[in-house]
Amino acid sequence: MAKRRIRLIEIAHARSGDKGDAGNVGVIARDERFYPVLIEQLTVDTVKKHFEGICHGTVERYELPNLGALNFILNNTLGGGGTVSLKQDAQGKTLGAAMLRMEIEVDESLLDG
Amino acid sequence: MKDRIRIASGQGFWGDLFDAPYHQVTKGQVDYVMMDFLAEVTMSIMQKQKLRNPSMGYARDLPEQMKQLLPHIKAKNIRIITNGGGVNPVACKDAIFQEAEKLGIRGLKIGVVTGDDIIDRLDDLIAQGVELRNMETDAPITDIRDQIVSANVYLGAMPIVKALQNGADIVITGRTTDTGLTLAPMIHEFGWAEDDWDKMAAGTVAGHILECGAQSSGGNFLGDWRSVPDMAHIGFPIAEAYPDGSFCITKHEDTGGLVSEATVKEQLLYEIGDPREYITPDCIADFTSIRVEQKGENRVRVYGITGRPATPFFKVSASYQYGYSAIGSLTYTWPDAYEKAQAADQILRQRLRDLELEFEEIRTEYVGLNSCFGPLAPIPEEISEVVLRIGVRGKIRKHVDIFGGEIAPLILTGPPSVTGFAGGRPKPKDVIAYWPALIEKSLIRPRVLVEEN
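Everything quoted here is computed from the prediction, not taken from an experiment.

Trainee: Just checking my understanding: could you explain the overall build of chain B for this structure?
Mentor: A tally of helices and strands in chain B yields 12 helices and 19 strands. For 453 residues, the compact-globule estimate of 2.2 N^0.38 gives 22 Å, and the C-alpha radius of gyration of chain B, at 24 Å, lies within 12% of that figure. The dimensions of chain B, computed from C-alpha atoms along their principal axes, are 75 × 55 × 50 Å. Out of the 453 residues in chain B, the part that is buried amounts to 57%. Contacts in chain B between residues at least 24 apart in sequence constitute 77% of all its contacts with a sequence separation of at least 6.

Trainee: Teacher, can you tell me more about the interface of chain B and chain A here?
Mentor: It is common to report an interface's size as the accessible area lost on association of the parts. In this assembly, 48 residues from chain B lie in contact with 40 residues from chain A. For the chain B and chain A pair, buried surface summed over both sides reaches about 3500 Å², with 61% attributable to carbon and sulfur atoms. Together, Leu-269, Phe-373 and Leu-376 of chain B form the three largest contributors to the area buried by chain B at its contact with chain A, with a combined 20%. Applying the counting criterion to the chain B and chain A interface returns one salt bridge. Taken together, chain B and chain A are joined by 24 residue pairs in polar contact (both at pLDDT 80 or more). Of all the secondary structure elements, the ones that give two or more residues to the side of chain B that touches chain A are helix 9 (261–268), strand 11 (291–296), strand 14 (313–333), strand 15 (361–367), strand 16 (385–394) and strand 18 (429–440) of chain B. When residues of the side of chain B that touches chain A are assigned to their parent elements, the largest contribution, five residues, is made by helix 9 of chain B. Looking at the side of chain B that touches chain A, its residues break down into 26 nonpolar, 11 polar and 11 charged.

Trainee: Is there a simple way to explain the sheet that holds strand 10 (residues 284–286) of chain B in this structure?
Mentor: Across a sheet, paired strands are connected by hydrogen bonds in the backbone, their directions being either parallel or antiparallel. All names here are of chain B. The strand order across the open sheet built from three strands is 9-10-13, with neighbouring strands paired in antiparallel fashion. Single-partner strands in this sheet number two, and they are strand 9 (278–279) and strand 13 (306–308). Relative to strand 10, strand 9 runs antiparallel, the two sharing two bridges. In the sheet register, Tyr-278 faces strand 10, and the bridge partner there is Ala-285. On top of the sheet, helix 8 (residues 197–210) reaches strand 9, strand 10 and strand 13; it is set at about 110° to strand 13, its chief contact.

Trainee: Help me understand helix 8 of chain B in this model?
Mentor: Note on helix geometry: an α-helix contains 3.6 residues per turn, so any two residues three or four positions apart are oriented the same way. Residues and elements named next belong to chain B. The end-to-end C-alpha separation of helix 8 is 20 Å, in line with the 20 Å expected for 14 residues at 1.5 Å each. For helix 8, a buried count of 12 out of 14 residues is recorded, marking the element as mostly surrounded by other parts of the structure. Every buried residue belonging to helix 8 is among Lys-199, Met-200, Ala-201, Ala-202, Gly-203, Thr-204, Val-205, Ala-206, Gly-207, His-208, Ile-209 and Leu-210, and all of these are buried.

Trainee: Got a minute to help me understand the sheet that holds strand 2 (residues 12–19) of chain A in this structure?
Mentor: Spatially, 2-3-5-4 (chain A) is the arrangement adopted by the four strands of the open sheet, whose pairing is antiparallel. Two strands close off the open sheet at either side, each with one partner strand: strand 2 and strand 4 (59–64) of chain A. Adjacent strand axes in the sheet meet at a mean angle of 20° when their direction is disregarded. In terms of strand pairing, strand 3 (residues 22–29) of chain A meets strand 5 (residues 69–74) of chain A through six bridges, oriented antiparallel. The residue bridging Val-27 of chain A from the neighbouring strand is Leu-70 of chain A, located in strand 5 of chain A. Against the sheet, helix 9 of chain B touches strand 2 and strand 3 of chain A, its axis set at about 30° to strand 2 of chain A.

Trainee: Is there a simple way to think about the nonpolar core in this case?
Mentor: Buried together is how nonpolar side chains tend to be arranged in soluble globular proteins. Membership of the largest hydrophobic core comes to 74 residues, with the highest contact counts inside it found for Leu-268 and Val-302 of chain B. The element best represented in this core is helix 8 of chain B, accounting for seven residues. Ranked by size, the runner-up nonpolar core spans 33 residues in total, among them Ile-11, Cys-55 and Leu-78 of chain A together with Phe-373 of chain B.

Trainee: Whenever I open this one, the pattern of salt bridges confuses me. Can you help?
Mentor: Opposite charge on two side chains permits pairing when their charged atoms draw close. Residue and element names in this part refer to chain B. A complete count under the given rule lists 31 salt bridges over all chains for this structure. Linking Lys-93 and Asp-94 is a salt bridge whose minimum nitrogen-to-oxygen distance equals 3.1 Å. Given the relative accessible area of 7%, Lys-93 is considered buried. Overall, Asp-94 belongs to the partly exposed group, its relative accessible area being 34%. With its nearest N and O atoms 4.0 Å apart, the salt bridge here joins Glu-361 to Arg-363.

Trainee: Please explain helix 7 (residues 180–190) of chain B as it appears in this structure.
Mentor: Here helix 7 of chain B lies mainly inside the structure; 10 of its 11 residues are buried. Note on helix 7 of chain B: the residue one or two positions beyond its end, Gly-191 of chain B, has a positive phi of about 65°.

Trainee: What is the right way to look at unusual backbone geometry in this model?
Mentor: With glycine set apart, most residues show a phi of negative sign, and most peptide bonds adopt trans. All names here are of chain B. For the bond running from Trp-334 to Pro-335, omega is 0°, close enough to zero to count as cis. On the secondary structure map, Pro-335 appears in the loop between strand 14 and helix 10 (337–354). Positive phi is not limited to glycine here, since Asn-298 has a value of about 55°. Within the element layout of this structure, Asn-298 appears in the loop between strand 11 and strand 12 (299–303).

The rules behind the values
- Residues numbered from 1 in each chain as written.
- Chains lettered and ligands numbered in written order.
- Predicted model: local features only at pLDDT ≥ 70, side-chain atom pairs only at ≥ 80, totals over all residues.
- Heavy atoms only, no water.
- Helix = DSSP H or I, 4+ residues; strand = E, 2+ residues; numbered from the N terminus.
- Rg over C-alpha atoms; globule rule 2.2 N^0.38 Å.
- Buried < 20%, exposed > 50% of the residue type's maximum accessible area, 1.4 Å probe, protein only.
- Contact = heavy atoms within 4.5 Å.
- Buried area = accessible area lost by both parts, 1.4 Å probe.
- Salt bridge = Lys/Arg side-chain N within 4 Å of Asp/Glu carboxyl O.
- Polar contact = N/O pair within 3.5 Å; in protein donor to acceptor, adjacent residues only side chain to side chain.
- Nonpolar A, V, L, I, M, F, W, Y, C, P; charged D, E, K, R; others polar.
- Pairing = 2+ DSSP bridges.
- Axes fitted to C-alpha atoms, helices over the stretch in contact; angles between N-to-C directions.
- Expected span 1.5 Å × (residues − 1).
- Core = buried A, V, L, I, M, F, W, Y, C linked by side-chain atoms within 4.5 Å.

Structure, rendered in structure tokens:
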């Protein structure tokens, strides 16, 4: 089956925030047919690789099939967190958008469906 | 028993839209307005204000906002629930009574919840053997005892329920969970049992959706921000709750913003950890049980929520003086904007080494290029301008202060076409850090007092 390389933003949206020094990134499928793509392509390993140089700790992934969503915890990401961090984005507000830049491969038929 | 109540979100943090609660009580029917003011950093700011002036230490916006609200809430039988009391809910109550006095409003009942503030009990607790170990590092709180600025327990919904039962028109709390502010009126109006975990979880989830204000009604919506109408008049969310634990998220008509499955889902995912274990003092809510369904324009039904028994602990958040930081910036323009900013960074770092200043961290970011996205951001061929943003954090205030004086000289001593230093030298700011811990619920005695003017 023909595959197309797209950015995650085409099939998902997201919101992110802080939990101490960890960032939380919720990724939500724009349609339920895309949820299996998220499950398959947004693994702990691919997400860790995507955030190389940003996330310096482990990545945790949690599934919310009821919302067609995944929640990621990016440990050791916010430069000490909240008030201690010197980062412009000390609270991880833009991590969601950063996640959506990720490139993934999707079946053509799924995108046109 | 009512068959439905409408709980409006009036404030998502201290500094949110000032007139949001006013619009919630005047643009349509609501029964309750919840106003969340507290972030972790807020408690330490308030504690410092209270140390300077014993009648301060609460959200000062609140009495000002109440001035707008008071003439309406009695007539419409709307009750206000807020944690804006901060570290001084009693003084907050007094300030609101003063506003009522000026408006000639009598017979107003204000409930005050205290018992969350354990700063004065810390030494006794430590002497009793309560270690308040850091949930992340496992270190005992005695390690930082001398640096502690504030220490509060996150109370749940039950003290607010008691205040409502005692007839409070307004309930002022200190560190109550954001979610408890919304759950409490549901328990009160629907007569839910404290150990009906599914109901506790349902009210908690409603609270999570309301606690960040317009973030569930079209604000900060990454799904499709262009589709959100009239953000200048964004309507804050309202939970229309039913006795069975289901609720609808909506907003007043004739307001901007958007309530859709997508906006609600984004907020549900905000700042959560393991979705099966959303822990509050009232219950453990399972976010994998939540169902959402669009029921009409700007109307989303949320249902199916399940929960599990609450833990025997309250969470404690202590804040402590950690060190000092300062951040400064300069703007470099074409030609070679990025190269010049990088060169300036190297010059500055060399000077800091020559001066033998000690810092825990020196951080450089290039705003406009990659300060947020780091290695994910491609660097364009030609850059018209970039902001060099450089910050330091350390234990020695003097060293952070000296750093502040080292930035402006770069304008005359470093690479050319540089501007943007109108703000003066960055001054050292206190760095406050947080100490999360658990404490047995039996050691905490929430107190509720309702007073009428």
